[in-house]
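# Report on the structure
Next come the chains, spelled out residue by residue.
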Amino acid sequence: MEPLILEILTPGLHQYHTLDKPEIRIGRALDNDIILSDSTVAPHHLSITRDENGTVELRNLADVNPARFEGKIEASFVTRSLPIDLKLGRISARILPRNQQVPETKSLTGNGGTSYIFRHTIWAVLLVALCLFVGGLEYYLDSFNKLKWDDLLEHVLRGTAMRIAVFVLVLSILERLLVNRWEIIPVTVTVSLVFLLYHLLSPLVDELVYLFSSSLPLYLFNIGWYLLFIPFAIWLYLVRVTHFKRSKSALLAIFISSPFAILSIMQNPAIQSLLDDFSSSANYQKSLSALNWHLSETVSINTFINQAKVLDPGEFVD
């Protein structure tokens, strides 16, 4: 009689037990053939018996949290059809034949090509160092002649390093909960690449704002970045690195990115200015380029100054 396989479905790494005896007992007590230590499993939870014809009989032994067979609670369940879905307390399991087909093997990220960088510490260190350099360069370009080295160091450590560390920590903890393993290096590489891509695209968006004399490109970029690109990046990571199913990855990506997106949008000055009746930035012609196409009506500098004069006390224009 061909043995069967009991598959215990656990996050990231399933457990498999061979059912090679006429009767197998499962429970939390140590005298069972298969021991499940979960507190929701009864000391003697389930009995599995087979006959010469291949008929499988499952008998419920638990009074508390009784076993479910194919989603139903029954005293006994007799079948010759496999696989059989089980629920023991909060543990999900299946009884499978030995010839049950398994999914195709997923290639390990880092076996070559562009995915090489996701599995090697040296790439993670280099990318983080590049992020720190870009963060410092951004602060330097925005400081003009007011640069102070103490302020630069504080900005790099607090504004760049801390931000990357928080994202890496949060995503690593989530991945630990999802697949039961730590993936610090791939997460660090992914967060660093997203950070660098944002700072690579930001100057291009600024040029579009300059070209069109309109803040519309900046609004679209910020909204699209948080609501579209970040979920897509997480989805791509879950599918290509963690090897989750595409549909499940899409839901997880939306769930993971939503808190960051909402918080970032609420704190983003460009998006907040959409709700303002008055902008601190004058909406007048600021370009000498012949390619300057106006997407919104401009005003003269005198009109802007007159608007500034009627501001409430305490308000100011940068």
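Remember, it's a predicted structure, so these values are computed and weren't measured experimentally. (Residues numbered from 1 in each chain as written. Predicted model: local features only at pLDDT ≥ 70, side-chain atom pairs only at ≥ 80, totals over all residues. Heavy atoms only, no water.)

This part covers the overall build of the chain. Each helix and strand counted, the chain has seven helices and 11 strands in total. Here the chain holds 318 residues, and 34% of them are scored as buried. Expressed as a percentage of contacts within the chain between residues at least 6 apart in sequence, the contacts between residues at least 24 apart total 47%. Carbon and sulfur atoms make up 61% of the accessible area of the chain, which amounts to about 20400 Å² in all. (Helix = DSSP H or I, 4+ residues; strand = E, 2+ residues; numbered from the N terminus. Buried < 20%, exposed > 50% of the residue type's maximum accessible area, 1.4 Å probe, protein only. Contact = heavy atoms within 4.5 Å. Areas by Shrake-Rupley, 256 points an atom, 1.4 Å probe, with all protein chains shown as cover.)

Here the focus is the packing of aromatic side chains. In this structure the tally under the stated criterion is six aromatic pairs. Geometrically, the ring pair formed by Tyr-198 and Trp-225 is edge-to-face, given 5.1 Å between the ring centres and 65° between the ring planes. Of this pair, Tyr-198 sits in helix α3 (residues 184–212) while Trp-225 sits in helix α4 (residues 216–240); the two residues are 27 residues apart in sequence, bridging distant segments of the chain. Residue Tyr-198 is classed as partly exposed on the basis of its relative accessible area, which comes to 21%. (Phe/Tyr/Trp six-rings, centres within 6.5 Å; stacked < 30°, edge-to-face > 60°.)

Turning our eyes to something else, we now look at the nonpolar core. Ranked by size, the top nonpolar core spans 30 residues in total, and within it Trp-225, Ile-234 and Leu-238 carry the most contacts. Looking at this core, the elements that each hand over two or more residues are α1 (121–143), α2 (149–179), α3, α4 and α5 (246–267). No other element matches the 10 residues that α4 contributes to this core. Leave out the neighbours within four places in its chain, and Leu-238 touches His-243, Phe-244, Ser-249, Leu-252 and Ala-253. Counting 22 residues, the second-largest nonpolar core is a separate cluster that includes Ile-8, Ile-34, Val-41 and Phe-69. (Core = buried A, V, L, I, M, F, W, Y, C linked by side-chain atoms within 4.5 Å.)

This part takes up unusual backbone geometry. The amide bond that connects Leu-82 to the next residue, Pro-83, takes the cis arrangement and shows omega of 5°. Examined against the element boundaries, Pro-83 turns out to sit in the loop between β9 (76–79) and β10 (84–88). The phi angle at Asn-65 is positive, at roughly 55°, despite the residue not being glycine.

A word on the pairing of β10. Of the two faces of β10, the one holding Ile-84, Leu-86 and Leu-88 is buried and the one holding Asp-85 and Lys-87 is not buried anywhere. Note: strand β7 (residues 68–69) against β10, two bridges, orientation antiparallel. What sits directly across from Phe-69, in β10, is Leu-86. Bridge analysis of β10 against strand β11 (residues 91–97) gives five bridges, and the strand direction is antiparallel. (Pairing = 2+ DSSP bridges.)

Strand order in the open sheet made by the six strands is β2-β1-β11-β10-β7-β8, with antiparallel pairing throughout. Each having just a single partner strand, β2 (15–19) and β8 (72–73) make up the two edges of the open sheet.

Its place among the elements puts Asp-85 in strand β10. On the basis of relative accessible area, Asp-85 is assigned to the partly exposed category, the value being 37%. Separated by 11 residues in the primary sequence, Asp-85 and Leu-96 place their C-alpha atoms 9.2 Å from one another. Residues contacting Asp-85, with those up to four places away along its chain left out, are Arg-68, Phe-69, Glu-70, Ala-93 and Arg-94.

Moving on, we come to the sheet that holds β9. Read across the sheet, five strands follow the order β4-β3-β5-β6-β9 without closing on themselves; strand pairing throughout is mixed. Where the open sheet ends on each side, the last strands, each with one partner, are β4 (34–35) and β9.

Each regular strand shows side chains that alternate between the opposite faces of the sheet. By the bridge criterion, four bridges tie strand β3 (residues 23–27) to strand β5 (residues 46–50) in an arrangement that is antiparallel. Bridging from a neighbouring strand, Ile-24 pairs with Ile-48 of β5. Where β3 and β4 come together, two bridges link them in parallel fashion. Bridge pairing links Ile-26 to Ile-34 in β4.

On to the environment of Val-191, then. By the secondary structure assignment, Val-191 is in helix α3. A C-alpha to C-alpha distance of 9.7 Å links Val-191 and Ile-234, two positions 43 residues apart in sequence.

Together, Leu-130, Phe-133, Leu-137, Tyr-140 and Leu-141 make up a nonpolar patch on the protein surface, roughly 510 Å² of accessible area in all. With respect to the helices and strands, the residue Leu-137 is situated in helix α1. (Patch = residues over 30% accessible without salt bridge, like charges linked within 9 Å, V, L, I, M, F, W, Y side chains within 5 Å. Salt bridge = Lys/Arg side-chain N within 4 Å of Asp/Glu carboxyl O.)

Before going further, it helps to examine the side chain of Asp-38. Mapped onto the secondary structure, Asp-38 falls in the loop between β4 and β5. Overall, the relative accessible area of 17% leaves Asp-38 in the buried class. Here Arg-90 takes part through its side chain, which lies 2.9 Å from a polar atom of the side chain of Asp-38. Excluding residues that lie within four positions of it along the chain, Asp-38 makes contacts with Arg-28, Arg-90 and Ile-91. (Polar contact = N/O pair within 3.5 Å; in protein donor to acceptor, adjacent residues only side chain to side chain.)

Moving on, we get to the pattern of salt bridges. Applying the stated criterion across every chain yields a total of six salt bridges. Between Arg-94 and Glu-7 there is a salt bridge, with the nearest N and O atoms lying 2.8 Å from each other. A residue pair is termed long-range when its members are at least 10 positions apart, and Arg-94 in strand β11 and Glu-7 in strand β1 (residues 4–9) qualify at 87 residues. Where Arg-90 meets Asp-38, a salt bridge forms, and the shortest distance between an N and an O atom there is 2.9 Å. Separated by 52 residues along the polypeptide, Arg-90 in the loop between β10 and β11 and Asp-38 in the loop between β4 and β5 bring together distant segments of the chain. Assessed through its relative accessible area of 55%, Arg-90 is described here as exposed.

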